[in-house]
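In case you want the letters, here they are:
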Amino acid sequence: MAIKKIVLFPDEVLTTPTQPVEKINDEIKQLVQDLIDTMYDAPGIGLAAPQIGVLKRVAVVDISRDEDEPPELVVMINPEIVASSGEILWEEGCLSFPKVYAKITRPGQVIMRALDLEGETFEIDAEELLAVALQHEIDHLDGIMFLEHMSPLKKRRSLKKYKKVLEDLQAQDNENEEQDIE
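Residues numbered from 1 in each chain as written. Predicted model: local features only at pLDDT ≥ 70, side-chain atom pairs only at ≥ 80, totals over all residues. Heavy atoms only, no water.

## Examining the sheet that holds strand β7 (residues 121-127)
1) Next: With antiparallel pairing, the five strands of this open sheet are ordered in space as β1-β2-β3-β6-β7. Among the strands making up the open sheet, the edge pair consists of β1 (46-48) and β7. Recorded for the sheet is a direction-independent mean angle of 35° between the axes of neighbouring strands.
2) Next: Inspection of the sheet shows strand β2 (residues 58-61) paired to strand β3 (residues 74-85) by four bridges, in the antiparallel sense. (Pairing = 2+ DSSP bridges. Helix = DSSP H or I, 4+ residues; strand = E, 2+ residues; numbered from the N terminus. Axes fitted to C-alpha atoms, helices over the stretch in contact; angles between N-to-C directions.)

Have a look at this one:
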């Protein structure tokens, strides 16, 4: 089990498009396991490789929300949205942009195509939360943060709130360092 540190905005790795996976080898399989472990630990419903500092086109999603539900883990290697329709307004958050949520409009139904861990192509016809989560993670792989889907006003408000979150996180880190010294 390898839980990785989640990269926070504005780190440039989050806005850098990823490289396609050429070969599914042990390194890619370990990356997938790290993503899964980190996502569940966070806890979140999706995580893309750039969020742990890796510029590979790999992401995971699991929209099951409580321990009573069976996992619905989706491992996506080189994913792409091949069709979309409709429209949905959904409140999104992001592990790389903690404690900030905003209603984002996206297509309400998508067909996503990707490779699985065996290198086999598969498609998912998704709607509602799963469609939103797949699009959010694929955006990460394209170097797009959910901020880019916000109006200028909503983006300014979110960045202002996020600045406060970062200040609070920095203060906590400083407190923890002082306790470690003592």
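## Quick look at the environment of Ile144
1) Next: Structurally, Ile144 is set in the loop between α2 (128-141) and α3 (152-181).
2) Next: Judged by relative accessible area, Ile144 falls into the partly exposed class, the value being 30%.
3) Next: Remark: the alpha-carbon pair of Ile144 and Thr16, spanning 128 residues in sequence, is separated by 8.1 Å. (Buried < 20%, exposed > 50% of the residue type's maximum accessible area, 1.4 Å probe, protein only.)

## Focus: the pattern of salt bridges
1) Next: The final tally for this structure, using the stated rule, is seven salt bridges.
2) Next: A salt bridge links Lys4 to Asp34; its shortest N-O distance comes to 4.0 Å. One end of the pair, Lys4, is in the segment before α1 (26-41); the other, Asp34, is in helix α1, and 30 residues separate them in sequence.
3) Next: Accessibility expressed as a relative area gives 7% for Asp34, which makes it buried.
4) Next: A salt bridge links Lys155 to Glu148; the nearest nitrogen and oxygen atoms lie 3.4 Å apart.
5) Next: If you follow the salt bridges from partner to partner, you end up with Glu92, Arg106 and Asp139 in one network. (Salt bridge = Lys/Arg side-chain N within 4 Å of Asp/Glu carboxyl O.)

## Comments concerning the nonpolar core
1) Next: Grouped together as the largest cluster of nonpolar side chains are 18 residues, with contacts concentrated most on Val61, Met76, Met112, Ile124, Ala126, Leu130 and Leu134.
2) Next: Taken together, the elements giving at least two residues each to this core come down to β2, β3, β6 (109-115), β7 and α2.
3) Next: Among the elements that make up this core, the one with the highest residue count is α2 (seven residues).
4) Next: Apart from the residues lying within four places of it in its own chain, the contact partners of Leu130 are Val61, Ile63 and Ile124.
5) Next: Of all hydrophobic cores here, the second largest spans 15 residues; its members include Val7, Leu14, Ile104 and Val165. (Core = buried A, V, L, I, M, F, W, Y, C linked by side-chain atoms within 4.5 Å. Contact = heavy atoms within 4.5 Å.)

## A look at α1
1) Next: Its 16 residues give α1 an end-to-end C-alpha distance of 22 Å, which sits within 8% of 22 Å, the value for a rise of 1.5 Å per residue.
2) Next: Looking only at α1, the buried set comprises Ile28, Leu31, Val32, Asp34, Leu35, Ile36, Asp37, Thr38 and Met39.
3) Next: In the core, the buried residues of α1 are packed alongside β1, β2 and β3.
4) Next: You can read the cap of α1 off the contacts: a side-chain oxygen lies 3.1 Å from the backbone nitrogen of Glu27, and it is on Asn25. (Expected span 1.5 Å × (residues − 1). Polar contact = N/O pair within 3.5 Å; in protein donor to acceptor, adjacent residues only side chain to side chain.)

## Regarding the pairing of β6
1) Next: Residues Val110, Met112 and Ala114 of β6 are buried on one face, while the alternating residues Gln109, Ile111, Arg113 and Leu115, pointing to the opposite face, are not.
2) Next: Inspection of the sheet shows β3 paired to β6 by six bridges, in the antiparallel sense. When the bridges of β6 are listed, Ile81 appears paired with Met112.
3) Next: Sheet topology note: the β6/β7 ladder contains seven bridges and is antiparallel. Note that in β7 the partner of Gln109 across the bridge is Glu127.
4) Next: Two successive antiparallel strands, β6 and β7, enclose a turn made up of five residues, where Gly119 displays a positive phi of approximately 85°.

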